[in-house]
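# Fold and geometry: a report
For reference, the chains in residue letters:
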Amino acid sequence: MAVQWAAPACDRERAHEMLERMARGSLISWRRLISRKAFRSRLELVYLPCCQVLLSDTEDQSVGFVLVNGFARQAQQVASGIPAIGDCADLRGFRYPLSETETLEIARHAFISWKLNRVSARQRDSADFVIGDIVHYPFWARYAESKTGRVSLDLLDGIAERPGGVMMKQAYLEALKDGASILGGTHS
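In this report, we go over the structure that sits alongside the text. Remember, predicted model here, so these are calculated numbers, not experimental data.

Residues L48, L67, I82, A141 and Y172 are the most contacted members of the largest nonpolar core, which totals 23 residues. Where this core is concerned, the elements lending two or more residues are β2 (40-54), β3 (65-69), β6 (130-145), β7 (151-157) and α4 (165-177). Ranked by residue count, the leading element in this core is β6, at 5 residues. Residues within four places of A141 in sequence aside, it is in contact with R42, L43, E44, V46, L153, D154, L155 and Y172. L55, V66, A110 and I134 belong to the second-largest nonpolar core, a separate cluster that totals 15 residues.

Okay, here's the thing in structure tokens:
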């Protein structure tokens with residue numbers, strides 16, 4: 001199984017700006033009124049392992065595929081290929097934790113749900129799904145410490161530029177707990 005590294009769509013400055021805005025809330029939010037600016041913060045690019053599930057063994061990735069996040073155990077549809085990083089020798093990521101059977105089961109359940117909700121218009125059967133490559137998907141992680149010692153974590157999807165949400169935070173924390181299974185050392 002080949003390993004690919006997805007290129008983030010936003011750079012460090014844009015990610016920092018978006019994460020700060022997410023942490024503080026809108027101009028009239030309660031969060032802005034009760035929260036104070038972080039005493040200390042750190043921003044880093046982290047990669048969570050995902051597995052491509054191809055629609056069949058006869059079609060390539062350009063037709064689209066399902067991407068299963070190994071730690072979040074969530075699936076998302078990808079209409080076309082994800083831009084890859086050319087030189088990834090110095091990048092480190094986590095090992096994909098699921099078996100092929102578990103990955104296909106998650107992809108099939110998600111696909112059936114999408115078909116029932118009519119999100120997927122494809123005339124396919126999930127029995128044709130096959131395992132593809134491992135894709136290390138980028139997230140910007142912001143750790144912030146308040147003066148009282150409270151630490152918060154905010155995640156930003158590095159490609160879609162959307163907040164990571166509670167499940168992605170839990171997935172990232174699970175990946176950190178599974179620190180012995182990190183490829184190449186520590187996370188980037």
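All right, on to the environment of L153 then. With respect to the secondary-structure elements, L153 resides in strand β7. Note: C-alpha distance between L153 and L43 (110 residues apart in sequence) is 9.9 Å. Here L153 is in contact with A141, R142, Y143, K169, Y172 and L173, once residues within four sequence places are set aside.

Next up on the list: the packing of aromatic side chains. A full pass over the atoms with the stated rule returns 5 aromatic pairs. Arranged with centres 5.1 Å apart and planes meeting at 75°, the rings of F111 and F129 form a pair that is edge-to-face. Placement of F111 in helix α3 (residues 100-116) and of F129 in the loop between α3 and β6 is noted, with a sequence separation of 18 residues between them. Comparing F111 with F129, the two get one shared label, buried. Pairing Y137 with F139 gives two aromatic rings, centres 5.5 Å apart and planes at 50°, and the pair type is tilted. On the accessibility criterion, Y137 (5% relative accessible area) is buried.

A few words now on the pattern of salt bridges. Under the defined criterion, the tally for this structure stands at 8 salt bridges. Salt-bridge contacts for R142 lead to E20; the nearest nitrogen and oxygen are separated by 3.0 Å. With a gap of 122 residues between them, R142 in strand β6 and E20 in helix α1 (residues 12-24) connect regions that are remote in the sequence. By relative accessible area, R142 is classed as buried at 4%. Taken together, the shared-partner salt bridges in this structure form one network comprising E20, R142, D154 and K169.

So, on to the side chain of D154. Relative to the assigned elements, D154 resides in strand β7. For D154, the contacting residues outside a window of four places in its chain are L19, M22, A23, W140, A141, R142 and K169.

Once that is clear, we can look at α3. Taking 1.5 Å as the rise per residue, α3 with 17 residues should run 24 Å; its terminal C-alpha atoms sit 24 Å apart, in good agreement. Within α3, burial applies to T103, L104, I106, A107, A110, F111 and W114. Around the axis of α3, the buried residues are gathered within 160° of arc, so they sit on the same side. Exposed positions of α3 whose direction lies more than 90 degrees from the buried face are T101, H109 and L116. Packing partners of the buried residues in α3 comprise β2, β3, β4 (74-78) and β6.

Taken as a whole, the second largest pocket spans an internal volume of roughly 230 Å³. Q74, Q76, F139, D157 and M168 are the residues nearest the centre of the second largest pocket, which is lined by 14 residues in total. Mapped by element, the contributors of at least two residues to the lining of the second largest pocket are β3, β4 and β6. Of the residues assigned to the lining of the second largest pocket, the class counts are 8 nonpolar, 4 polar and 2 charged.

Phi angles above zero are rare outside glycine, and R73 is one such case at about 55°. Within the fold, R73 resides in the loop between β3 and β4. Not every positive phi belongs to a glycine, and E161 is a case in point at roughly 55°.

Here is what the cut-offs are and how they apply
- Residues numbered from 1 in each chain as written.
- Predicted model: local features only at pLDDT ≥ 70, side-chain atom pairs only at ≥ 80, totals over all residues.
- Heavy atoms only, no water.
- Core = buried A, V, L, I, M, F, W, Y, C linked by side-chain atoms within 4.5 Å.
- Buried < 20%, exposed > 50% of the residue type's maximum accessible area, 1.4 Å probe, protein only.
- Helix = DSSP H or I, 4+ residues; strand = E, 2+ residues; numbered from the N terminus.
- Contact = heavy atoms within 4.5 Å.
- Phe/Tyr/Trp six-rings, centres within 6.5 Å; stacked < 30°, edge-to-face > 60°.
- Salt bridge = Lys/Arg side-chain N within 4 Å of Asp/Glu carboxyl O.
- Expected span 1.5 Å × (residues − 1).
- Arc of directions from axis to C-beta.
- 1 Å grid on protein atoms, 1.4 Å probe; cavity = no way out; pocket = protein on both sides within 12 Å on 5 of 7 lines; lining within 4 Å.
- Points joined across faces, edges and corners; volume = space filled by probe spheres on them.
- Nonpolar A, V, L, I, M, F, W, Y, C, P; charged D, E, K, R; others polar.

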